Amino acid sequence: MKVGIVGYGTIGKRIADAVAAQDDMKISGVLKVTPDYEAKVALERGFRVYTLPDRLDKFRKAGIEPAGTIEDLIKASDVIIDASPEDVGRDNKEKYYSKFDKPVVFQGGEDADVAEVSFNALANYEEARGKRYVRVVSCNTTGITRVLTSLMLNGIGIKKARIFIARRGADPKEHKKGPINDVVPNPASVPSHHGPDVQTILRNVDIVTMAVAVPVTIMHMHMAYVELDGGYTRDAVLEAFAKTPRLFLADVGAGFQSLAQVIEFARDLGRPRGDFPEVAIFRDSVTVRGGELYLMYGVHQESIVVPENIDAIRAIFGAMPKWRSIEKTDKTLKLITEGKRYG
């Protein structure tokens, strides 16, 4: 499967590397609109670099000969991953993608109606089959959906979920964004967009979310209250989390006392860019009182959606069954698979 990446920034460059690690996919090229260091890194990684028609001369003046325009990239690809900034993907759909009969995977920065289906591999892999436009939901929505789906896949029913999110103020490289010395309601109204976004996948879940932005760059922190449909034990909940792919139980006693230590763990594992695509659940926070579940977990905004994009490609083409794809993706990206149940 020839994969074109439109947008080679925080998410796009990670997806490109993940695609390159698969033996059933290859990168047909990446699109950049600025001839910056990321464009040169893409070339060094062996990726053909495309750009917009009005940027060709700008690239040539910077010493980069583009492989072609965005339409050339679409023609050279079986599927497009649009990793453009928020709302740009919709513009690309209207200007370019609508002209071609090629599937496109959008990111969570776009509204849900840009696609035929919102996607999370654990929750609704099969729904993407044969679709032309698929949207991988945002980092926070992905984290919430994985946690709730883990419970449901293991027979633990949910009556309602209330999630409180401390959002990172900006990604590490976004030097012009984020609060410096502030905590900002994000938004002040209730719910935040995350709850309705979860419901585009888990349609029958009663969920309300609230969010604030805080002056950090490393990860989001979620504090969750989940009302269960019965008197499940803490051990049953922990077993569900332990078995589910793309969840990681972090123990305070093992040194995981903060989100920064989760990222340091990723660095110590030698992961590229210090990425942590798993949801990092603090085991010590998991508390069950009657039918009420409480927990805290971290979401690495730069990398959590990367494996979802790989699975979305296979799901669209019906290339392999759900659990086989998830397992293949996890192993090729060297996620933590010990003790996980694939199917």
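This text follows the structure it describes.
Draft legend 1. Broad picture of the packing of helix H11 (residues 306–317) against helix H12 (residues 322–332). For the pair H11 and H12, interaxial distance at closest approach is 10 Å and the crossing angle is 140°. The angle between the axes of H11 and H12 places the two elements in the oblique class. Considering the relative orientation of H11 and H12, their crossing is right-handed. In contact with Pro-307, Ile-310, Asp-311 and Arg-314 of H11, H12 contributes Ser-325, Ile-326, Lys-328 and Thr-329. Of the residues belonging to the contact of H11 with H12, the class tally is 3 nonpolar, 2 polar and 3 charged.

Draft legend 2. Here's a closer look at helix H1 (residues 12–20). The element H1 is extensively covered by neighbouring structure, given that 7 of its 9 residues are classed as buried. Among all positions in H1, only Gly-12, Lys-13, Arg-14, Ile-15, Ala-16, Ala-18 and Val-19 are buried. Buried residues along H1 sit against strand E1 (2–6), strand E2 (26–31), helix H2 (37–44), strand E4 (79–82) and H11.

Draft legend 3. Inspection of the environment of Lys-95 at higher detail. Along the chain, Lys-95 falls in helix H5 (residues 88–95). Spatially, the C-alpha atoms of Lys-95 and Asn-309 are 23 Å apart, while their sequence positions differ by 214 residues.

Draft legend 4. Seen up close, the packing of H1 against H11. Between H1 and H11, the shortest axis-to-axis distance is 9 Å and the interhelical angle comes to 55°. Of the possible angle classes, the one that applies to H1 and H11 is oblique. Relative to H11, H1 is oriented so that their crossing is right-handed. Along its contact with H1, which presents Arg-14, Ile-15, Ala-18 and Val-19, the element H11 presents Val-306, Asn-309, Ile-310 and Ile-313. Counted by class, the contact of H1 with H11 contains 6 nonpolar, 1 polar and 1 charged residues.

Draft legend 5. Structural context of the packing of aromatic side chains. Using the criterion set out here, one finds 10 aromatic pairs in the structure. Where Phe-106 meets Tyr-133, the ring centres are 5.9 Å apart and the plane angle is 45°; that geometry is what we call tilted. With a gap of 27 residues between them, Phe-106 in strand E5 (residues 104–106) and Tyr-133 in strand E7 (residues 133–136) connect regions that are remote in the sequence. Relative accessible area serves as the criterion here: at 9%, Tyr-133 is assigned to the buried category. With centroids separated by 5.2 Å and ring planes inclined at 80°, the aromatic side chains of Phe-256 and Phe-265 adopt a geometry described as edge-to-face. The class of Phe-256 is buried, set by a relative accessible area of 9%. In this structure Phe-265 comes out as partly exposed when scored by relative accessible area, which is 23%. Members of the aromatic cluster, each reached through a chain of ring pairs, are Phe-248, Phe-256, Phe-265 and Phe-276. Sitting over the ring of Tyr-133, Lys-93 keeps its end group 4.4 Å from the ring centre.

Draft legend 6. Spatial organisation of the pattern of salt bridges. Summed over the entire model, instances satisfying the criterion amount to 31 salt bridges. The residue Glu-302 makes a salt bridge to Arg-14 at a minimum N-O spacing of 3.5 Å. On the criterion of sequence distance, the pair formed by Glu-302 in the loop between strand E15 (292–299) and H11 and Arg-14 in helix H1 is long-range, its members being 288 residues apart. By relative accessible area, Glu-302 is classed as buried at 10%. Looking at Arg-14, the relative accessible area reads 7%, which means it is buried. When the shortest N-O distance is used, the salt bridge between Lys-32 and Glu-38 registers 3.3 Å. Take Lys-32: its relative accessible area is 8%, and that puts it in the buried class. What you see here is one network of salt bridges that share partners, running through Asp-24, Arg-146, Arg-246, Glu-308, Asp-311, Arg-314 and Asp-330.

Draft legend 7. Seen up close, a negative patch on the surface. Taken together, Glu-86, Asp-87, Asp-91, Glu-94 and Asp-111 make up a surface patch of like negative charges. For Glu-94, a relative accessible area of 56% translates into the label exposed.

The rules we used
- Residues numbered from 1 in each chain as written.
- Predicted model: local features only at pLDDT ≥ 70, side-chain atom pairs only at ≥ 80, totals over all residues.
- Heavy atoms only, no water.
- Axes fitted to C-alpha atoms, helices over the stretch in contact; angles between N-to-C directions.
- Helix = DSSP H or I, 4+ residues; strand = E, 2+ residues; numbered from the N terminus.
- Parallel < 35°, antiparallel > 145°, perpendicular 65-115°, else oblique.
- Left-handed = near helix turned anticlockwise from the far one by under 90°.
- Contact = heavy atoms within 4.5 Å.
- Nonpolar A, V, L, I, M, F, W, Y, C, P; charged D, E, K, R; others polar.
- Buried < 20%, exposed > 50% of the residue type's maximum accessible area, 1.4 Å probe, protein only.
- Phe/Tyr/Trp six-rings, centres within 6.5 Å; stacked < 30°, edge-to-face > 60°.
- Lys NZ or Arg CZ within 6 Å of the ring centre and 35° of its normal.
- Salt bridge = Lys/Arg side-chain N within 4 Å of Asp/Glu carboxyl O.
- Patch = residues over 30% accessible without salt bridge, like charges linked within 9 Å, V, L, I, M, F, W, Y side chains within 5 Å.
- Areas by Shrake-Rupley, 256 points an atom, 1.4 Å probe, with all protein chains shown as cover.
- Lys, Arg positive; Asp, Glu negative; His and termini not counted.
- Charge placed at Lys NZ, Arg CZ, Asp CG, Glu CD.

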